Each structure stands twice: as C-alpha cells, then as structure tokens.
Protein chains: 2
Amino acid sequence: MQTRPLAVTLGDVCGIGPEIIAQAFRRGEASGCVVVGEVGVMRRAAAMTGGGLAVAALDRAADALDCPQACIPVWSASGLPADLLLAPIGQVDARAGAAAARCIEVAVRLVQAGDAAGIVTAPIHKEALAAAGVAYPGHTEMLQALAAAGGNAPPVRMLLANDELRVVLVTIHVSLREAIERITFDAVLETLRITHRAGARFSHPEPRIGVAGLNPHAGEGGLFGDEEIRVIGPAIVAARAEGIDAHGPFAPDTVFMRARRGEFDFAVAMTHDQGLIPVKYLGVENGVNVTLGLPFVRTSPDHGTAFDIAGSGQADPSSLIAALRMARRLTQAE
Amino acid sequence: MQTRPLAVTLGDVCGIGPEIIAQAFRRGEASGCVVVGEVGVMRRAAAMTGGGLAVAALDRAADALDCPQACIPVWSASGLPADLLLAPIGQVDARAGAAAARCIEVAVRLVQAGDAAGIVTAPIHKEALAAAGVAYPGHTEMLQALAAAGGNAPPVRMLLANDELRVVLVTIHVSLREAIERITFDAVLETLRITHRAGARFSHPEPRIGVAGLNPHAGEGGLFGDEEIRVIGPAIVAARAEGIDAHGPFAPDTVFMRARRGEFDFAVAMTHDQGLIPVKYLGVENGVNVTLGLPFVRTSPDHGTAFDIAGSGQADPSSLIAALRMARRLTQAE
C-alpha cells in the first residue's frame, strides 16, 4: 500500500522526458506519481502524445495518490524560467537546463520532507546543464551533493538492471585508461559494501555477489595483468571478512552470463562497458538505472534526451515505465 | 557436396577433447570428418561415452567421406609419444601436450597437401604444451607459424560467433593496459581488412562492419578518452577509402546489440571481453572460435579442456558440434 507518491522529474523539456511521462500516465503506469515540473510543459506533452489527458496542479503532493487515471498531477517547481515553454524542442537550451536542475532540487526536498517516497528522473542533457551554469555533469553527482546537504557526500554507485540482470559499476564515465587507475582496493570494497546494503531492497538481504575481474580470463593467474591479484581479490577477501557474500574475481566474459542464470543476485563490473554491454545486449527498452548509496530511492530510464525524435510523440516510454515499477518496488521494500 | 574431409585434432588427450569428438560422431554430427590422432585414444573415448562406436585407422584421408556413421575414422599422426594412453586423465602431462601439438602439425600438413578441406581443433592446455617444450601459447600462434611455412606469418584475428552475433577482436590475450597500447591505427585497419575479406565465406561478400569504440560512449567527443579520435576513427576512414563498409566507432555498450539485431554483419571489438561478453551472454554452448586470416579454414569450440570433468563422459559436445557445422559451411563457401 503506497502512502506517499513518487516524485517524477521533468528532465530536459526540449527532450523526450515530458512525452514519455505523459505516455506512462496514459498507460496507467504512473499512478501514485507526481510530476515535479510545470503545468504548461505537461499540457503540451499530453497534447503531443494524443491529448485526452488532464493536467492538474496540486497543493499537497499526497493528493497525487487520489488522482484519477486520466489526469497528470503536477507539483509546480518554484524558480523555473518564466519562458520555459519557449525553449525549442530538440535543441540545447539554457532555460531547459536550468529547469531540469531545479526540478531535481525540488524533488529531493519533497523526499527529504517526507512528502515523496522516492525519485524517478527523466533524462537531462549535459550541454544544457552546462549552458545554464549548472556545475554538475549529471544526475548522480547532483543527487549526491543534494543528499549531502552540506555534510559529506555519500559514496554512491550506479546499478543497471533489467528483468534478468543487476550490475553494479565500480567506475563509470571516465576513459578506460582512467578507469583502470580508479579501480583501487577502496573503490572495489566500497562497491561491495554498497551492493550488500542494497540487497534488502531487492529482496536479497544477504545477496550473492559475483565480481568480474578487469583483464581477460581475470588475469589468468597474473599472466594477463595483475589487478585481480593486487586489488580486486584482496578487496573481495576484505568484504567477505565483513560478512559480505562476495565471490571472484571471475573471468569477465562469463560472470554476467552466470549472474543471468541465477548464480549471483548482483554482478559487480569494473568498467562502464563491461557492465552495460550485457545489460543492454538483449535490448535497451527495459534497462533501469538505480543510484545506490543515496539515503533515498532514485531510479531513471537508461537512455538520453533523444533530441532527434523529441516532440514527435514517438518516444518509447518502456524504460521510464520500468524505472517507475522499479522505484515502486524499492520504496515498498523500505 | 563435400569432396575432402575436415581434419579434427584430438586436442589434449587428458581433457574432454576425445570425448566430445566421440559424442559428435555418435550424434551423426561429424560425418565427413577425420580425426587426426591416435586409434587407442579414440577407442577409449568411444568406450567412455557409452561404447557401440567402431574406430578405424585410415590409409587415405579421403576414405573418411565413405565411413559409416557408427565408425570414427582416424588418421594416425606419426611421431606421437608411445605411452600417450598412460597420460592421466584430468592432469597436465607433457605427453598429452606433445601429442596435441603434433596433431595440429599433421592436420595442417593434410590441408596443405589438399587432403583435408579445413581444420577443427579440440581444446589444448597451455601448461601441458609448455611441459612438452612447445613454444606456442596456443592454437592461433601455432597455426599462424605453420601457415607461414618459413615465410612471413599472416596477420590473423580471432572471430567469435554464435547463431546471432559475429565478433572480430583487435586484441586478445593481453592485460587490459597492454591491450590499450596495442590498439593502433594499423591494428584496427588490419582487423577491418581481415574482416572484410572473410565476409564472402560468411555469405556477406560486402559485409557491413560495426566498430566499437574503446571508451564509454565511444569517448563522448574526447571527454572520456581520445583513442576514438586519434586511432579508431581514422582507421575506419582509411578502411572506407579502401571500399570496406565499416561504421563507427560506436558506443561499446550498444554496438553488439545493434549487430545482433541485424544492423551489421560483423562487430569489431577492441578488447577480449568487450567482444566475448556479448557472445557468451546467452550461453557458451554454441560459441565458435574461427581464426580469420589463415590460408585455410580453422574453427574450434569456445571452451577449454575441462580437466575437472574429463573422463566422466559428461562433457557437452554442443560447442564442438557448432564448430564442425561452421567449418563445413565455411569450406563449402570456398
């Protein structure tokens, strides 16, 4: 039984965010959600996707739980650019960047005030954020800073999940050379701790974690690189000493297949593509991005703003719908 | 219509090679093949897997084409260790290593003499080869040297294939750090040339080739590494100028999914695991390894000697069977 709504951010209003949100409501997949954004933007999105949906501005976020299905409830974010609707669809625009950031801030405040159960974010655009003078390169860093609220930012990790695989990444958006440098004992151990703590939300309170090596054949005993011996193996040993059910390091080319078959509840990948290749291999539609380590639930679809098709009403809401379902499941597990 | 047999090497006789070969014959999947090895070893393997198979030593390799299904035709390799059958199953043994290497040599001679159409190799064990004083770390290097026959070794590349994906690797068995150094303009361009030339054998005389980047998001315009800009992109441009239908570099996390969906006939991976994770993700049973660039067809199953189950008769011949089918198809396309 849901007692608080999920806060869904608009994302970049020049991208497909508002449209896929409208589509999710249209399909009955966003009940119990409140859109953090702007009424006019959602009215436009409702029209773009075929009309027939009402848009209502709420006074209390909790009222979203009683909203009829054909209605999109909006929590009007204060401080949005006045001429936001003039930002041209399909283009980088500072107003859209500023609004995207502001909606995230407001959504975090709703959660921190106990008025929302968790956050689902629609896609933002890095260049639009930069054009608006927003210092964060993406959602994760911004959410981390907002969660810190002046204190230390909590260590977070990206989890990618679909129906059959959950992968947690040690490194993400850096070059492969830089990623290798960032795969330290501490980074791997922290990833295992965060993954272990996240297990309960995924109905695996003592999750079995399969850890990929970095090198082919996990280094083949040091023949093809020694990161497994120097760094990853010792971090797994340390994690096990803390009661974490971590295993490996295993050959990267089979650990994800083994996790998919049920041998592990989570797979830990050393690099972005090591983890995302298997998650996306069967199709990107159902991939969900979950930020682990935050003091609240945050999920997002696993795609970008898709400027090339924004405004056409053709965007596929499947990944957002998967993110909404995942957020509902994770918040109900609290 | 097959006019010459395929030469199937024994592999390491202490591993599962002889058993899976016997199983392939038992299932009628090895018709038109001749085993390059030793009659006693194949008799033992036939018994291990349930008996009821005859083993016949051939005088002429071509007689394999007329062999009845319940019979395994063997081309006795000269120069095998006399006490090969004493090498203990499931263990590293120099005799098994020496025999494995010798069978490969004899198989290559059969092909070079025009007596066999191509080679399918059963798994060998690196330590057993080393124990026998064989200088090559694996099949690929050994086949390359035998193909050179005193001249220059031809550049070769590993292709991994299953029913839905064909991936060619720029780098293979080196550490990830070393792999990054080996991803040069020449290495990528040569990979594209070899892939292009191989297309015809796979019924794609002008193959569409999708090339993965090295870094997340293929470097995101230089933000996450510049190998795409400095090396991979220019090699693709040079290949296109030669008439090769190469595309990319694309984000590594989606190019294999795109190839699986039919957008490309071959995907080119920069590293071992980038390419093998998607090939193996749906299961390793049907993966086939093909060496491109040799003057003859060579395929192999995509697994090792499996010493832990050797001798039990339980080994799964699926990957070998897939390798036999692939070799048959590739030699008939000649």
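All values derive from a computational prediction rather than experimental measurement. (Residues numbered from 1 in each chain as written. Chains lettered and ligands numbered in written order. Predicted model: local features only at pLDDT ≥ 70, side-chain atom pairs only at ≥ 80, totals over all residues. Heavy atoms only, no water.)

S.K.: Which residues make up the sheet that holds strand S4 (residues 71–76) of chain A, and what are the values?
M.R.: One key point about sheets: their strands pair by backbone hydrogen bonds, in either a parallel or an antiparallel sense. All names here are of chain A. The strand order across the open sheet formed by 12 strands is S3-S4-S2-S1-S5-S12-S11-S6-S7-S10-S8-S9, and the pairing between neighbours is mixed. Of all strands in the sheet, those bounded by a partner on one side alone are strand S3 (54–57) and strand S9 (246–250). The sheet shows a mean angle of 30 degrees between the axes of neighbouring strands, direction not considered. In the sheet, strand S2 (residues 33–37) pairs with S4 via 3 bridges, with the strands oriented parallel. Across the sheet, Val-35 pairs through a bridge with Val-74, a residue of S4. Relative to the sheet, helix H11 (residues 318–332) contacts strand S1 (6–9), S2, strand S5 (118–121), strand S6 (157–161), strand S7 (166–169), strand S11 (288–292) and strand S12 (297–301), its axis offset from that of S12 by approximately 165 degrees. (Pairing = 2+ DSSP bridges. Helix = DSSP H or I, 4+ residues; strand = E, 2+ residues; numbered from the N terminus. Axes fitted to C-alpha atoms, helices over the stretch in contact; angles between N-to-C directions. Contact = heavy atoms within 4.5 Å.)

S.K.: Residues and numbers for the pairing of S5(A), please.
M.R.: A regular strand carries its side chains on alternate faces of the sheet. Residue and element names in this part refer to chain A. Here S5 shows a buried face lined by Gly-118 and Val-120 and a second buried face lined by Ile-119 and Thr-121. Strand direction decides the pairing type here: S1 and S5, joined by 4 bridges, are parallel. For Val-8, the partnering residue across the bridge sits in S5 and is Val-120. Relative to S12, S5 is paired through 3 bridges, and the arrangement is parallel. If you follow Val-120 over to S12, its bridge partner there is Thr-299. (Buried < 20%, exposed > 50% of the residue type's maximum accessible area, 1.4 Å probe, protein only.)

S.K.: Go over the pattern of salt bridges with me, naming the residues and quoting the values.
M.R.: Oppositely charged side chains can pair when the atoms bearing their charge come close. All names here are of chain A. Counting across every chain of the model gives 38 salt bridges over all chains. In this structure, Arg-197 and Glu-190 form a salt bridge, with 3.9 Å as the shortest nitrogen-oxygen distance. According to the relative accessible area criterion, Arg-197 is exposed, its value standing at 54%. Counted as one network, the salt bridges with shared partners bring together Glu-190, Arg-193, Arg-197 and Glu-242. (Salt bridge = Lys/Arg side-chain N within 4 Å of Asp/Glu carboxyl O.)

S.K.: Any chance you could break down the interface of chain A and chain B for me, citing the residues and the numbers?
M.R.: With 40 residues of chain A at the interface, the matching set in chain B holds 40 residues. Summing both sides of the interface, chain A and chain B together bury roughly 3,500 Å²; the carbon and sulfur share of this comes to 60%. Taken as a group, Asp253(A), Ile277(A) and Tyr281(A) account for 22% of the area that chain A buries against chain B, more than any other trio of residues on that side. Applying the counting rule to chain A against chain B returns 8 salt bridges. Our count for the contact surface shared by chain A and chain B stands at 14 residue pairs in polar contact (both at pLDDT 80 or more). (Buried area = accessible area lost by both parts, 1.4 Å probe. Polar contact = N/O pair within 3.5 Å; in protein donor to acceptor, adjacent residues only side chain to side chain.)

S.K.: Describe the confidence of the model for chain A, listing the residues and the values that go with them.
M.R.: Interpretation of the predicted coordinates at a detailed level should be avoided for regions scoring low in pLDDT. Mean pLDDT over chain A: 94, with 99% of residues reaching 70 or higher. Complex prediction metrics read pTM 0.91 and ipTM 0.90. (pLDDT = per-residue confidence, 0-100.)

S.K.: Explain the relation of the copies chain A and chain B to me, and be specific about the residues and the numbers.
M.R.: Once chain A is rotated about the relating axis by 180 degrees and shifted along it by 0.0 Å, it coincides with chain B to within an RMSD of 0.0 Å. The transformation just described matches what one would write down for a two-fold rotation axis. Looking at the interface residues of chain A, 100% of them are also at the interface in chain B, so both copies use one shared face. (Least-squares fit on C-alpha atoms with pLDDT ≥ 70 in both.)

S.K.: Can you tell me about the environment of Val255(A), naming the residues and giving the values?
M.R.: Residues and elements named next belong to chain A. The topology assignment puts Val-255 in helix H9 (residues 252–260). Val-255 sits in the buried class, given a relative accessible area of 0%. A C-alpha to C-alpha distance of 6.2 Å links Val-255 and Ala-212, two positions 43 residues apart in sequence. Not counting residues up to four positions away in its chain, the partners in contact with Val-255 are Gly-210, Val-211, Ala-212, Phe-250 and Phe-264.

S.K.: Go over the packing of helix H7 (residues 185–198) of chain B against helix H8 (residues 227–241) of chain B, please, and point to the residues and values.
M.R.: Residues and elements named next belong to chain B. The contact between H7 and H8 brings their axes to 8 Å, and the two run at 40 degrees. When the axes of H7 and H8 are compared, the pair comes out oblique. Where H7 crosses over H8, the handedness of that crossing is right-handed. Taken together, the residues of H8 that come into contact with H7 (itself represented by Phe-185, Val-188, Leu-189 and Leu-192) are Val-231, Ile-232, Pro-234, Ala-235, Ile-236, Ala-238 and Ala-239. A per-class count over the contact of H7 with H8 returns 11 nonpolar, no polar and no charged. (Parallel < 35°, antiparallel > 145°, perpendicular 65-115°, else oblique. Left-handed = near helix turned anticlockwise from the far one by under 90°. Nonpolar A, V, L, I, M, F, W, Y, C, P; charged D, E, K, R; others polar.)

S.K.: Residue-level account of the pairing of strand S9 (residues 246–250) of chain B, with values.
M.R.: All names here are of chain B. Note that strand S8 (residues 209–212) and S9 share 3 bridges and pair parallel. Paired with Ile-209 across the strands is Ala-246, a residue of S9. Tracing the backbone out of S8, into H8 and back to the parallel element S9 gives a crossover that is right-handed. (Right-handed = clockwise from strand over helix to strand, strands pointing away.)

S.K.: Which residues make up the sheet that holds strand S10 (residues 266–269) of chain B, and what values do they have?
M.R.: Residues and elements named next belong to chain B. Taken in spatial order, the 12 strands line up as S3-S4-S2-S1-S5-S12-S11-S6-S7-S10-S8-S9 in an open sheet, and their pairing is mixed. One side of each edge strand has no neighbouring strand; the edge strands of this open sheet are strand S3 (54–57) and S9. Direction aside, the axes of adjacent strands within the sheet are offset by 30 degrees on average. In this fold helix H1 (residues 17–26) packs onto strand S1 (6–9), strand S2 (33–37) and strand S4 (71–76), with an angle of close to 135 degrees to the strand it touches most, S4. Against the sheet, helix H10 (residues 272–281) makes contact with strand S6 (157–161), strand S7 (166–169), S8 and S10, and its axis sits at roughly 165 degrees relative to S7, the strand it touches most.

S.K.: So, H7(B): which residues are in play, and what are the values?
M.R.: Every α-helical turn comprises 3.6 residues, leaving residues that sit three or four positions apart pointing alike. Residue and element names in this part refer to chain B. Taking 1.5 Å of rise per residue, the 14 residues of H7 would be expected to cover 20 Å, and the 20 Å separating its terminal C-alpha atoms lies within 8% of that figure. Burial analysis of H7 places 10 of its 14 residues in the buried class, the great majority of the element. Regarding H7, the residues found buried are Ala-187, Val-188, Leu-189, Glu-190, Thr-191, Leu-192, Ile-194, Thr-195, His-196 and Ala-198. (Expected span 1.5 Å × (residues − 1).)

S.K.: Tell me what's going on with the nonpolar core, and back it up with residues and numbers.
M.R.: Nonpolar side chains in soluble globular proteins generally cluster together in the buried interior. Formed by 194 residues in total, the largest nonpolar core has its most connected members in Met42(A) and Met42(B). The contact partners of Met42(B), leaving out residues within four places of it in the chain, are Leu10(B), Pro18(B), Ile21(B), Ala22(B), Val35(B), Val55(B), Ile72(B) and Val74(B). Counting residues in each nonpolar core, the second largest holds 34 residues, with Leu165(A), Ala259(A), Val167(B) and Tyr281(B) among its members. (Core = buried A, V, L, I, M, F, W, Y, C linked by side-chain atoms within 4.5 Å.)

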